[in-house]
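Residue-level listing of the chains:
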Amino acid sequence: MAPHAEVGLDFSNGNGSTTAPANKDLFKVNSPNVVYTDNEIRSKYTYRTTLVNETADGKFEATPKETVYDFKVDRKVPKTGMMLVGWGGNNGTTVTAGIIANRRGLVWETREGPRAANYYGSVVMGSTVKLGTNAKTSKDVNIPFHDILPMVHPNDLVIGGWDISGLNLAKAMDRAAVLEPTLKEQVKKEMASLVPLPSIYYPDFIAANQEDRADNLLEGSKACMEHVEQIRKDIRDFKVTNNLDKVIVQWTANTERFADLIPGINDTAANLMNAIKNGHEEVAPSTVFAVACILEGVPFINGSPQNTFVPGAIELAEKHNAFIGGDDFKSGQTKMKSALVDFLISAGIKLTSIASYNHLGNNDGKNLSSQKQFRSKEISKSNVVDDMVEANSVLYKKGEHPDHTVVIKYMPAIGDNKRALDEYYAEIFMGGHQTISIFNVCEDSLLASPLIIDLVVVAEVMTRIQWKAHSSDGATTKDFKNFHSVLSILSFMLKAPLTPPGTPVINALAKQRSALVNIFKACVGLEPENDMTLEHKLF
Ligand SMILES: NC(=O)c1ccc[n+]([C@@H]2O[C@H](COP(=O)([O-])OP(=O)(O)OC[C@H]3O[C@@H](n4cnc5c(N)ncnc54)[C@H](O)[C@@H]3O)[C@@H](O)[C@H]2O)c1
Ligand SMILES: O=P([O-])([O-])O[C@@H]1[C@@H](O)[C@H](O)[C@@H](O)[C@H](O)[C@@H]1O
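All figures in this text were calculated on a predicted structure; none of them were measured in a lab.

J.: Explain the domain arrangement of the chain here, please?
T.: By a frequent convention, interface size equals the accessible area lost on bringing the separate parts together. Here the chain is partitioned into domain 1 (80-329 + 446-523) and domain 2 (333-441). Taking only C-alpha atoms into account, the centre of domain 1 sits 25 Å from that of domain 2. Taken together, the contact pairs 29 residues of domain 1 with 25 residues of domain 2. Here domain 1 packs against domain 2, burying approximately 2100 Å² in sum over the two surfaces, 50% of which is carbon and sulfur. The interface formed by domain 1 and domain 2 holds two salt bridges in total. Going through the elements one at a time, α13 (444-462) and α14 (509-522) are the ones with two or more residues in the side of domain 1 that touches domain 2.

J.: Help me out: how do you make sense of the site of ligand 2 in this one?
T.: Around ligand 2, 15 residues are found, and the nearest of them are T334, N358, D364, K381 and K418. Within the side chain of T334, one N or O atom sits 2.5 Å away from an oxygen atom of ligand 2. In the complex, the protein chains occlude 96% of the 370 Å² of accessible area that ligand 2 would expose alone. The residue makeup of the shell around ligand 2, split by class, is three nonpolar, five polar and seven charged.

J.: I tried to follow the nonpolar core on my own but got confused; where do I start?
T.: A general feature of soluble globular proteins is that nonpolar side chains tend to end up buried together. Counting residues in hydrophobic clusters, the biggest one holds 72 residues, and the most contacted among them are I465 and F520. Looking at which element gives the most residues to this core, the answer is α13, with eleven residues. Ignoring any residue separated from it by four or fewer positions in sequence, one finds F520 in contact with F145, I148, L149, M151, V458, V461, M462, I465 and I489. Counting residues in each nonpolar core, the second largest holds 47 residues, with V249, F289, F309 and V486 among its members.

J.: Teacher, can you tell me more about the environment of G303 here?
T.: Tracing the chain through its elements places G303 in the loop between β11 (300-302) and α8 (311-319). Remark: the alpha-carbon pair of G303 and Q373, spanning 70 residues in sequence, is separated by 14 Å.

J.: Even after reading the chapter, I still don't get the packing of helix α6 (residues 269-277) against α8, so can you show me in this structure?
T.: In a packed pair of helices, the relevant descriptors are the angle between the two axes and the axis-to-axis distance. Their axes nearest at 7 Å, the elements α6 and α8 cross at an angle of 110°. The angle between α6 and α8 falls in the class roughly perpendicular. At the point where α6 passes α8, the crossing takes the left-handed sense. Two secondary-structure elements touch here, α6 through A269, A270, L272 and M273 and α8 through G312, A313, E315, L316 and K319. Looking at the contact of α6 with α8, its residues break down into six nonpolar, one polar and two charged.

J.: Explain the sheet that holds strand β13 (residues 350-360) here, please?
T.: Think of a sheet as strands paired side by side through backbone hydrogen bonds, with each pair either parallel or antiparallel. Strand order across the open sheet formed by four strands is β14-β13-β15-β16, with mixed pairing between neighbours. Two strands in the sheet have a free side with no partner beyond their single neighbour: β14 (403-410) and β16 (432-443). Ignoring strand direction, the axes of neighbouring strands in this sheet form an average angle of 10°. Pairing of β13 with β14, which is carried by eight bridges, proceeds in the parallel orientation.

J.: Where do I start with the pairing of strand β9 (residues 158-162) in this structure?
T.: Remark: a regular strand shows side chains that alternate across the two faces of the sheet. Counting buried positions over the five residues of β9 gives five, a clear majority of the element. Neither face of β9 is left uncovered, since the one carrying V158, G160 and W162 and the one carrying I159 and G161 both have all their residues buried.

J.: I keep staring at empty space enclosed by the protein and nothing clicks. Help me out?
T.: By rolling a water-sized probe across the atoms, one finds the places where empty space is left. Counted by the stated rule, this structure contains three cavities of 30 Å³ or more. Volume-wise, the largest cavity comes out at about 690 Å³. Around the largest cavity, the lining is made up of 46 residues, and of these T252, A253, N254, T255 and D364 lie nearest the centre. Among the elements of the structure, α1 (90-103), α7 (285-296), α9 (333-346), β13, α10 (363-368), α11 (371-382) and α13 are those that each provide at least two residues to the lining of the largest cavity. Counting contributing residues, the lining of the largest cavity receives three or more from each of domain 1 (80-329 + 446-523) and domain 2 (333-441). The volume enclosed by the second largest cavity comes to roughly 40 Å³. Lining the second largest cavity, in full, are A259, N266, L272, E282, V283, A284, T287 and V310. Its residues assigned to classes, the lining of the second largest cavity comprises five nonpolar, two polar and one charged.

J.: Teacher, can you tell me more about the sheet that holds strand β12 (residues 324-326) here?
T.: The five strands lie next to each other as β9-β4-β10-β11-β12, forming an open sheet whose pairing is parallel. The outermost strands of the open sheet, each flanked by one partner alone, are β9 and β12. Between one strand axis and the next, the sheet turns through 20° on average, direction left out of account. With three bridges joining them, β11 and β12 adopt parallel strand pairing.

J.: Got a minute to help me understand the side chain of Q512 in this structure?
T.: Residue placement: Q512 occurs in helix α14. Within polar-contact distance, the side chain of Q512 engages the backbone oxygen of I506 at 2.9 Å. The contacts of Q512, once residues within four sequence positions are left out, are K330, S491, F492, L494, P497, I506 and N507.

J.: How should I be thinking about α11 in this particular structure?
T.: Structurally, the α-helix is built with 3.6 residues per turn, so residues lying three or four positions apart point the same way. For α11, built from twelve residues, the straight-helix expectation of 16 Å at 1.5 Å per residue is met to within 8% by its first-to-last C-alpha distance of 16 Å. Taken as a whole, α11 has its buried residues at Q373, F374, S376, K377, E378, S380, K381 and S382. On its buried face, α11 sits against α9, β13, α10, α12 (386-390) and β14.

J.: Would you take a moment to explain the packing of helix α5 (residues 225-241) against α7 for this structure?
T.: The geometry of α5 relative to α7 is characterised by a closest axis approach of 9 Å and an angle of 55° between their N-to-C directions. Taken together, the axis directions place α5 and α7 in an arrangement best described as oblique. Viewed along their axes, α5 and α7 form a crossing whose handedness is right-handed. Between α5 and α7, the residues in contact are H227, V228, I231, R232, I235 and R236 and V288, F289, V291, A292, C293, L295 and E296, respectively. Looking at the contact of α5 with α7, its residues break down into nine nonpolar, one polar and three charged.

J.: Explain the site of ligand 1 here, please?
T.: Taken together, 30 residues lie near ligand 1, and D163, S199, S304, K377 and D444 sit nearest. Measuring from a nitrogen atom of ligand 1, one finds a side-chain N or O atom of S199 at 2.7 Å. Between ligand 1 and the protein, one listed contact pairs an oxygen atom with a side-chain N or O atom of D364 at 2.9 Å. When atoms are counted within 2 Å of each cavity's grid points, the one that captures over half of ligand 1 is the largest cavity. When contributions to the shell around ligand 1 are tallied by element, the ones reaching two or more residues are α1, α10 and α13. A class-by-class count of the residues in the shell around ligand 1 yields ten nonpolar, 13 polar and seven charged. Counting residues domain by domain, the shell around ligand 1 receives three or more from each of domain 1 (80-329 + 446-523) and domain 2 (333-441).

The rules we used
Residues numbered from 1 in each chain as written. Chains lettered and ligands numbered in written order. Predicted model: local features only at pLDDT ≥ 70, side-chain atom pairs only at ≥ 80, totals over all residues. Heavy atoms only, no water. Domains from an automatic or database assignment. Contact = heavy atoms within 4.5 Å. Buried area = accessible area lost by both parts, 1.4 Å probe. Salt bridge = Lys/Arg side-chain N within 4 Å of Asp/Glu carboxyl O. Helix = DSSP H or I, 4+ residues; strand = E, 2+ residues; numbered from the N terminus. Near = heavy atom within 4 Å. Polar contact = N/O pair within 3.5 Å; in protein donor to acceptor, adjacent residues only side chain to side chain. Areas by Shrake-Rupley, 256 points an atom, 1.4 Å probe, with all protein chains shown as cover. Nonpolar A, V, L, I, M, F, W, Y, C, P; charged D, E, K, R; others polar. Core = buried A, V, L, I, M, F, W, Y, C linked by side-chain atoms within 4.5 Å. Buried < 20%, exposed > 50% of the residue type's maximum accessible area, 1.4 Å probe, protein only. Axes fitted to C-alpha atoms, helices over the stretch in contact; angles between N-to-C directions. Parallel < 35°, antiparallel > 145°, perpendicular 65-115°, else oblique. Left-handed = near helix turned anticlockwise from the far one by under 90°. Pairing = 2+ DSSP bridges. 1 Å grid on protein atoms, 1.4 Å probe; cavity = no way out; pocket = protein on both sides within 12 Å on 5 of 7 lines; lining within 4 Å. Points joined across faces, edges and corners; volume = space filled by probe spheres on them. Expected span 1.5 Å × (residues − 1). Sits in = over half its atoms within 2 Å of the grid points.

Here it is in structure tokens:
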């Protein structure tokens, strides 16, 4: 994919991968606050916020605040592995076949004519960001998101993973019934060579209707340290076998029921480790995978809605300075909702009711037809409007919020072509009403697969960024530090963003993307995009 035409540079090197040669970045920042060496980009960035205090008479006093940070980015893009839990599922097989097709630059016949491999739906590979304005023409200069910082190209990812189903990925791809036969035919041989590692299966955590595919299992039906150590060994073996510098693990396995939060069991890191050692029944497979990755120092991202990250798991990640992120890929209906609700409420339109229906016929839908697993999804799909409602005290009194219902029905006939039917009902000027009705056919796995790529690529970049703060007297803290273990920067790709304990959850889609882009721009000393375009107003 060539960078934005305005820039006119094309790094495509013929094999479908567009990666700027390491020493030929698409842009360089010309600033005394940015230094490039062969190994690092260092920037000095002034972060400007406004502190607000409430005055005695109930008014506010706003005080601008500046904090100066040093950022350091390791420029070496590592050879990276992506290990998927649930690799044999619709998402796992689809993202794997999609990366193979892109790597080989495949074209395949469809009823509408030939189609070429692409990364549409990936914010990293399919979107652009504004670098600045052309000094001569004052026109915006936009560059591919992938070029803001040195990033892994998805074509270069080495893919592996686990599944409780032992089908090789060619057979699993057929079972998923997502991709065109003419494409499957071209990747079948390579996919057939890929076989998921055996995984852990604790039946009570996913729907009973999943049992018939569980034929690729490690011994034991509840948490134990042997499972943790086996997963850690699998990661190490994968890394050595493929000569990898880094591995990122993602959960794209079935939605689990929520685990009960039990003091003394999963409330602290020590208690969680003891619970695993003692085989406690309330420790979920996804939490066992998270613990194994944390102990192995490998980022773990949860693409499903269950509460994998019980408080003990978060504390363990913090203690080990390991990265975690989640929850639940934000792919279609909810992504639309997090943009539409933001538009309505920030336009002063009082949204009073949201009804969201889903019909889908894939195995995810089959698993979600079980009430406990649906409840996990209902929670993640329902909380996505909270921040936008709470931010508007003009429309909503404290504690007031729109009616919001979420329904998911398993309809096998429609397979992966999920239907999302939404009705938004709002009060408008002078007692009027606005009703917005949306019928959105989204091919579930084709929407989720690019998010899997974005989550891996962004999480990997975050392992190469460090920061330190300047104190008010100009001194800096001693050593560079990693970002907090909980990667809330991943929120754009997730329905129920996990944030560091006690920090706010932002669901508004535009704010999430803005945070992602502007943090990366700060790492090269560039100001956040403010869209004021004063240069076009003050002249
Ligand atoms: N648009 C989307 O597809 C989308 C969006 C958001 C979230 N999700 C979530 O992503 C997950 C995967 O979706 P999918 O459509 O690929 O589902 P899927 O059912 O096709 O795939 C899940 C896979 O996980 C495997 N599995 C179950 N338990 C496992 C375990 N303990 N260890 C290893 N493998 C295990 C299953 O055998 C299956 O192959 C689901 O939780 C779904 O809710 C999907
Ligand atoms: O489209 P979206 O709301 O982001 O999320 C999807 C749900 O609508 C769907 O019901 C579910 O099966 C998928 O796993 C995914 O969670």
